[in-house]
Amino acid sequence: MAAYCADFGKRVLLIDLDSQGNATTGLGFSKSALKKSVYNVLIEEEKISGNILPTQVPLLDILPANVDLTGAEVDLVYKRNRDKILKTALEEVNGRYDYIFIDCPPSLGLLTINAWVASDSLIIPLQSEYYALEGVSQLMNTIAMVKQHLNPALTIEGVVITMYGGRATVSRQIAAEIKKFFKNKLYEIIIPRNVRLSEAPSHGKPILLHDPKCIGARAYKALTEEFLSKQ
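(A) Summary view of the environment of isoleucine 52. Secondary-structure assignment places isoleucine 52 in the loop between α3 (38–42) and β2 (53–54). The exposure class assigned to isoleucine 52 is buried, which follows from its relative accessible area of 13%. Expressed as a C-alpha distance, the spacing of isoleucine 52 and threonine 24, which sit 28 residues apart in the sequence, is 12 Å. Not counting residues up to four positions away in its chain, the partners in contact with isoleucine 52 are Leu13, Asp61, Ile62, Leu63, Val93 and Tyr97.

(B) Representation of the sheet that holds strand β3 (residues 60–63) within the structure. The 4 strands are arranged β2-β3-β1-β4 in an open sheet whose pairing can be described as mixed. Each edge of the sheet is formed by a strand with only one pairing partner; in this case those strands are β2 and β4 (99–103). Pairing of strand β1 (residues 12–16) with β3 involves 4 bridges; the strand directions are parallel. Across the sheet, isoleucine 15 pairs through a bridge with leucine 63, a residue of β3.

(C) Examining the pairing of β1 more closely. Summarising burial for β1: 5 of the 5 residues are buried, a large majority. Residues of β1 alternate between two faces, with Val12, Leu14 and Asp16 on one and Leu13 and Ile15 on the opposite face, all of them buried. Where β1 meets β4, 5 bridges bridge the pair, whose relative direction is parallel. Across the sheet, leucine 13 pairs through a bridge with isoleucine 100, a residue of β4.

(D) Focus on unusual backbone geometry. One non-glycine residue with positive phi stands out, namely glutamate 45, at about 55°. The class of glutamate 45 is exposed, set by a relative accessible area of 59%. The backbone of asparagine 81 sits at a positive phi, close to 50°, despite the residue not being glycine. In this fold, asparagine 81 is placed in the loop between α4 (72–77) and α5 (85–90).

(E) Inspection of a nonpolar patch on the surface at higher detail. Where nonpolar side chains cluster on the molecular surface, the patch consists of Val74, Val77 and Tyr78 and spans about 340 Å² of accessible area. Take valine 77: it is sitting in helix α4. Residue classification places valine 77 among the partly exposed residues on the basis of a relative accessible area of 42%.

(F) Representation of the packing of aromatic side chains in the model. Applying the stated criterion across every chain yields a total of 4 aromatic pairs. Plain terms: the ring middles of phenylalanine 181 and phenylalanine 182 are 4.8 Å apart, the flat faces sit at 70° to each other, and that makes the pair edge-to-face. Three or more aromatic residues link up through ring pairs in this structure, and these residues are Tyr99, Phe101 and Phe227.

(G) Spatial organisation of the side chain of aspartate 16. Of note, aspartate 16 is situated in strand β1. In this structure, aspartate 16 is buried with no salt-bridge partner, the nearest side chain bearing the opposite charge being lysine 31 at 7.4 Å. In terms of polar contacts, aspartate 16 uses its side chain to reach the backbone amide nitrogen of alanine 23, at 3.4 Å. A polar atom in the side chain of aspartate 16 sits 2.7 Å from the side chain of threonine 24.

(H) Broad picture of the layout of surface pockets. In this model, the second largest pocket occupies a volume close to 250 Å³. Lining the second largest pocket are Val41, Glu45, Glu46, Lys47, Lys79, Arg80, Asn81, Lys84, Ile85, Thr88 and Ala89. Top contributing element to the lining of the second largest pocket by residue count: α5, with 3 residues. In terms of residue class, the lining of the second largest pocket is made up of 3 nonpolar, 2 polar and 6 charged.

Cut-off values and rules
Residues numbered from 1 in each chain as written. Predicted model: local features only at pLDDT ≥ 70, side-chain atom pairs only at ≥ 80, totals over all residues. Heavy atoms only, no water. Helix = DSSP H or I, 4+ residues; strand = E, 2+ residues; numbered from the N terminus. Buried < 20%, exposed > 50% of the residue type's maximum accessible area, 1.4 Å probe, protein only. Contact = heavy atoms within 4.5 Å. Pairing = 2+ DSSP bridges. Patch = residues over 30% accessible without salt bridge, like charges linked within 9 Å, V, L, I, M, F, W, Y side chains within 5 Å. Areas by Shrake-Rupley, 256 points an atom, 1.4 Å probe, with all protein chains shown as cover. Salt bridge = Lys/Arg side-chain N within 4 Å of Asp/Glu carboxyl O. Phe/Tyr/Trp six-rings, centres within 6.5 Å; stacked < 30°, edge-to-face > 60°. Lys, Arg positive; Asp, Glu negative; His and termini not counted. Polar contact = N/O pair within 3.5 Å; in protein donor to acceptor, adjacent residues only side chain to side chain. 1 Å grid on protein atoms, 1.4 Å probe; cavity = no way out; pocket = protein on both sides within 12 Å on 5 of 7 lines; lining within 4 Å. Points joined across faces, edges and corners; volume = space filled by probe spheres on them. Nonpolar A, V, L, I, M, F, W, Y, C, P; charged D, E, K, R; others polar.

Right, dumping it as structure tokens:
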């Protein structure tokens, strides 16, 4: 979505806040070779502008993750105002970008809390699988706590169903349950399971550069159009 927003002419910053660094490697950067990263901003309090890198997609920049980020959760515990560090750092680039996307880790720790405190809204990807649906109530409770104590303005931008296997009865049933729960927050566009989508990161390219005509690319392009139409 970040890549497609840039492709539509928006100035975009993608922040990789996941220690796995998938957004970083998916845009062609080697985590082990990076000397500067989001870790330097969060833990060493460096300026965010000194750690941002341009990507192969025009108008898309990234604040990457490297191997140091794996220890950030522990390091943040000892920092003052530890849940607001990213929000404070982003003030430096206020107005420079049309959109800032933050790729969060799959756990609800201090890195995720930093992202939610810094954000205006959340996009929630949900796989059309039972276990993904099972975790929604915990997720909603955590969002409510962050709204109450840290970021009252935080909203849910939208929910997108991903890795959808349209032929599976279970996928259709779970998609129906997700729609019942989130109602008008659910994006109409559904992201299907697609081999070209899954292999694109191994080539260090977003899908719009890897195979823009595949079904997965067309789905993400349409999803981005739906997202932008609601802004």
